[in-house]
Amino acid sequence: MSQIILVLGASGQIGGELTQKLRTIYGSTHVIASDIRNGDSLLMCSGPFEIIDATDKEAILAVVKKYGVTQIYLLAAMLSATGEKYPKKAWDLNMTSLLAVLDIAKEKYISQVYWPSSIAAFGPTSPKINTPQKTIMEPSTVYGISKISGEFWCNYYHEKYDVDVRSLRYPGIISWKTKPGGGTTDYAVDIFFKAVEQGSFECFLREDTRLPMMYMEDAVNATIQIMQATPEDITIRTSYNLSAMDITPKELAEEIKQTIPNFTINYRPDSRQKIADSWPQSIDDTKARKDWNWSHKFTISSMAKDILKNLQAQKVKN
Ligand code: SER
């Protein structure tokens, strides 16, 4: 059956690039982008676009019926740092949207759901190195609480109502086309923009803060790959650990200096340091690699070169 896909949160960091990739695979008219506000011209012009508040089940359902949607990718969310400023809003957005989409699947309007969890579902009491798939999970941020709760809701809807929902625990996602907003891992995106624009960067995390990260292209591929896997291969219905690299700000700065030798960085840790310190430093994703053949392509070095090449070309064009 050919899929008709709805992406909720398509103007965001992951949603934008995911939508474009899905449009190349499934055809642009088969992928409906949506967000609470208009997106950039590429998103709006490359296929159908609908304004949807992801917490409004009836609004989602209306679009599902209008296009005959078969799959929803739910990417709308409030990230960790903003979530600490607006705890109730973060909980409301992250949970209401998930339950709305799961209910639409339970009512059989759609056959498949994608929803991302995060390394934020772990907490200060989780093992920090090679954090296992199954371990202590006591998150200390509202974002993390919404992710661990969401994971159990996904599993519950799968067990109880046979909903085919699939999920990945994303590490920090590094991109250059769209910037993230309100996350703790965002420094790893900003550093590239500042390196190209100004040659210097002030980092809000300590130089030795090691966190799991992944280049956007790998994250988008993993997302589509888990959705295309045969259902029997998906043995985890909470969310899969997913990993590519683990890096510190200092290591990333060294990598940038390979291309921009005069690049300088200084460190001024703020409240986000505490969030970062509560998360794993590296992730064991053996289960994803075994169950549905996950493998990443980009290393810190190939990623940095690719981003800097693109941002420098963009600067010359502007
Ligand atoms: N990138 C997210 C954040 O920093 C973690 O999933 O909030």
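A short tour of the structure in this document, coming up.

So, how was this worked out
- Residues numbered from 1 in each chain as written.
- Predicted model: local features only at pLDDT ≥ 70, side-chain atom pairs only at ≥ 80, totals over all residues.
- Heavy atoms only, no water.
- Helix = DSSP H or I, 4+ residues; strand = E, 2+ residues; numbered from the N terminus.
- Rg over C-alpha atoms; globule rule 2.2 N^0.38 Å.
- Buried < 20%, exposed > 50% of the residue type's maximum accessible area, 1.4 Å probe, protein only.
- Contact = heavy atoms within 4.5 Å.
- Areas by Shrake-Rupley, 256 points an atom, 1.4 Å probe, with all protein chains shown as cover.
- Lys, Arg positive; Asp, Glu negative; His and termini not counted.
- Charge placed at Lys NZ, Arg CZ, Asp CG, Glu CD.
- Pairing = 2+ DSSP bridges.
- Axes fitted to C-alpha atoms, helices over the stretch in contact; angles between N-to-C directions.
- Salt bridge = Lys/Arg side-chain N within 4 Å of Asp/Glu carboxyl O.
- Parallel < 35°, antiparallel > 145°, perpendicular 65-115°, else oblique.
- Left-handed = near helix turned anticlockwise from the far one by under 90°.
- Nonpolar A, V, L, I, M, F, W, Y, C, P; charged D, E, K, R; others polar.
- Near = heavy atom within 4 Å.
- Polar contact = N/O pair within 3.5 Å; in protein donor to acceptor, adjacent residues only side chain to side chain.
- Arc of directions from axis to C-beta.

**Here's the deal with the overall build of the protein**
From N to C terminus, the protein includes 12 helices and 14 strands. Relative to a compact globule of 318 residues, whose C-alpha radius of gyration would be 20 Å, the protein shows 19 Å and is just as compact. A principal-axis box enclosing the C-alpha atoms of the protein has dimensions of 55 × 45 × 40 Å. Taking all 318 residues of the protein together, 55% fall into the buried category. Within the protein, residue pairs in contact and separated by at least 24 positions form 77% of the contacts whose partners lie at least 6 positions apart. Accessible surface for the protein amounts to roughly 13600 Å². Of this, 51% is attributable to carbon and sulfur atoms. For the protein, the distance from the average site of its 36 positive side-chain charges to the average site of its 36 negative ones is 2 Å.

**Quick notes on unusual backbone geometry**
Backbone geometry places Asn130, a non-glycine residue, at a positive phi of 50°. You can see Asn130 is positioned in the loop between strand 6 (117–118) and helix 6 (142–161).

**A look at the sheet that holds strand 2 (residues 31–35)**
Strand order in the open sheet formed by six strands is 3-2-1-4-5-7, and the pairing between neighbours is parallel. Every interior strand has two partners, whereas the edge strands, strand 3 (49–51) and strand 7 (165–166), have only one. With three bridges joining them, strand 2 and strand 3 adopt parallel strand pairing. Residue pairing across strands places Ser34 opposite Glu50, the latter belonging to strand 3. Relative to strand 2, helix 1 (residues 13–26) is tilted by about 165°, and along the sheet it contacts strand 1 (5–8), strand 2 and strand 4 (71–74). Sheet contacts for helix 3 (residues 57–67): strand 1, strand 2, strand 3 and strand 4; angle to strand 1, the most-contacted strand, approximately 155°.

**Description of the pattern of salt bridges**
Counting across every chain of the model gives 16 salt bridges. Residue Lys57 is joined to Glu107 by a salt bridge in which the shortest nitrogen-to-oxygen separation is 2.8 Å. Here Lys57, found in helix 3, pairs with Glu107, found in the loop between helix 5 (87–106) and strand 5 (112–114); they are 50 residues apart in sequence, far enough to count as distant. The class for Lys57 is partly exposed, based on a relative accessible area of 22%. Owing to a relative accessible area of 37%, Glu107 belongs among the partly exposed residues under this scheme. One salt-bridge network, in which partners are shared between bridges, spans Asp164, Arg166 and Arg237.

**Describing the packing of helix 9 (residues 249–259) against helix 12 (residues 300–317)**
Running from amino to carboxyl end, helix 9 crosses helix 12 at an angle of 55°, the nearest separation of the two axes being 10 Å. Considering their axes alone, helix 9 and helix 12 lie oblique with respect to each other. The interaxial crossing formed by helix 9 with helix 12 has right-handed handedness. Contacts between helix 9 and helix 12 involve Glu251, Leu252, Glu255, Ile256 and Thr259 from the first element and Ile300, Ser301, Met303, Ala304, Lys305, Leu308 and Gln312 from the second. Looking at the contact of helix 9 with helix 12 residue by residue, the classes come out as six nonpolar, three polar and three charged.

**With respect to the site of the ligand**
The environment of the ligand is made up of Leu79, Ser80, Ser118, Tyr143, Gly183, Thr184, Thr185 and Trp279. Interatomic distance of 2.6 Å between a side-chain N/O atom of Ser118 and an oxygen atom of the ligand. Here a nitrogen atom of the ligand and a side-chain polar atom of Thr185 are 2.8 Å apart. In the complex, the protein chains occlude 93% of the 230 Å² of accessible area that the ligand would expose alone. A class-by-class count of the residues in the shell around the ligand yields three nonpolar, five polar and no charged.

**Remarks on helix 3**
Looking only at helix 3, the buried set comprises Ile60, Leu61, Val63 and Val64. Summarising the axial view, the buried residues of helix 3 lie within an arc of 160°, below the 170-degree limit, and thus occupy one face. Among the exposed residues of helix 3, those oriented more than 90 degrees off its buried face are Glu58, Lys65 and Lys66. Where helix 3 is buried, its residues touch strand 1, strand 2, strand 3, strand 4 and helix 5. Measuring from the side-chain oxygen of the N-cap residue of helix 3 to the backbone nitrogen of Glu58 gives 3.2 Å; that N-cap residue is Asp56.

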